[in-house]
Amino acid sequence: MKNIEIFDPALCCSSGVCGADVDEALVTFSADVDWLKQQGGNIVRYNLSQQPMAFVDNKVVNGFLERSGEQGLPLVLVDGEIALAGRYPSREELGRWCAIEIVPTESKAAASACCKPGSC
């Protein structure tokens, strides 16, 4: 199984899902991280405000930050190589990187089978 590392920008807590004004992208990504872990995936998140040495000690991440700055985060490494920057990966991307087949939910499957533009 691949090792996935997420280097988050400075967040108020480890997941970023806290406070009164929660970013929906972080809520979705946190759920996707939990899903991947339940599937046996190896994923670790580092928060710039809580674990700055993880950013400094990793040559790939350090070089990325020198070029792009904190504005380029989040940064995703798969087996130590940059796989994605500037946004969080989707569940489909996480599954593809870890060779985990994603079974569509019934609601998605039903919607795609009957609902075509202009027919619902």
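Residues numbered from 1 in each chain as written. Predicted model: local features only at pLDDT ≥ 70, side-chain atom pairs only at ≥ 80, totals over all residues. Heavy atoms only, no water.

Caption draft 1: Representation of the pattern of salt bridges. On inspection of all chains with the given rule, the structure shows four salt bridges. Across the pair Lys-2 and Asp-79 runs a salt bridge whose closest N-O atoms are separated by 3.7 Å. One end of the pair, Lys-2, is in the segment before strand S1 (3-8); the other, Asp-79, is in the loop between strand S3 (75-78) and strand S4 (81-85), and 77 residues separate them in sequence. Of the residues examined, Lys-2 reaches a relative accessible area of 37% and is grouped as partly exposed. Note that Arg-91 and Asp-32 form a salt bridge whose closest N and O atoms lie 2.8 Å from each other. One end of the pair, Arg-91, is in helix H4 (residues 91-97); the other, Asp-32, is in helix H1 (residues 24-38), and 59 residues separate them in sequence. (Salt bridge = Lys/Arg side-chain N within 4 Å of Asp/Glu carboxyl O. Helix = DSSP H or I, 4+ residues; strand = E, 2+ residues; numbered from the N terminus. Buried < 20%, exposed > 50% of the residue type's maximum accessible area, 1.4 Å probe, protein only.)

Caption draft 2: Focus on the packing of aromatic side chains. Evaluation of the coordinates by the stated rule reveals three aromatic pairs. Taken together, a centroid distance of 4.9 Å and an interplanar angle of 25 degrees make the contact between Phe-7 and Tyr-46 stacked. You can see Phe-7 sitting in strand S1 and its partner Tyr-46 sitting in strand S2 (residues 42-47), a full 39 residues away along the chain. Judged by its relative accessible area of 1%, Phe-7 falls in the buried class. Between Phe-7 and Phe-55, the ring centres sit 5.2 Å apart and the planes meet at 80 degrees, which makes this aromatic pair edge-to-face. Here Phe-7 is found in strand S1, whereas its partner Phe-55 is found in helix H2 (residues 52-57), with 48 residues between them in sequence. Like Phe-55, Phe-7 is buried. (Phe/Tyr/Trp six-rings, centres within 6.5 Å; stacked < 30°, edge-to-face > 60°.)

Caption draft 3: Here's a closer look at unusual backbone geometry. The linkage connecting Leu-73 with the following residue, Pro-74, adopts the cis geometry, with an omega of 10 degrees. Checked against the element boundaries, Pro-74 lands in the loop between helix H3 (59-68) and S3. Phi is positive for Asp-79, which is not a glycine, with a value near 50 degrees. The class of Asp-79 is partly exposed, set by a relative accessible area of 41%. Despite not being glycine, Ala-99 has its phi angle at roughly 55 degrees, a positive value. For Ala-99, the location among the structural elements is in the loop between H4 and helix H5 (106-114).

Caption draft 4: Structural context of the sheet that holds S3. The strand order across the open sheet built from four strands is S2-S1-S3-S4, with neighbouring strands paired in mixed fashion. With one partner strand each, in any of the chains shown, S2 and S4 form the two edges of the open sheet. Across the sheet, the axes of successive neighbouring strands diverge by a mean angle of 20 degrees, strand direction being ignored. Sheet strands in contact with H1 are S1 and S2, and its direction is about 145 degrees off that of S2. Along the sheet, H3 makes contact with S1, S3 and S4, crossing S3 at roughly 150 degrees. (Pairing = 2+ DSSP bridges. Axes fitted to C-alpha atoms, helices over the stretch in contact; angles between N-to-C directions. Contact = heavy atoms within 4.5 Å.)

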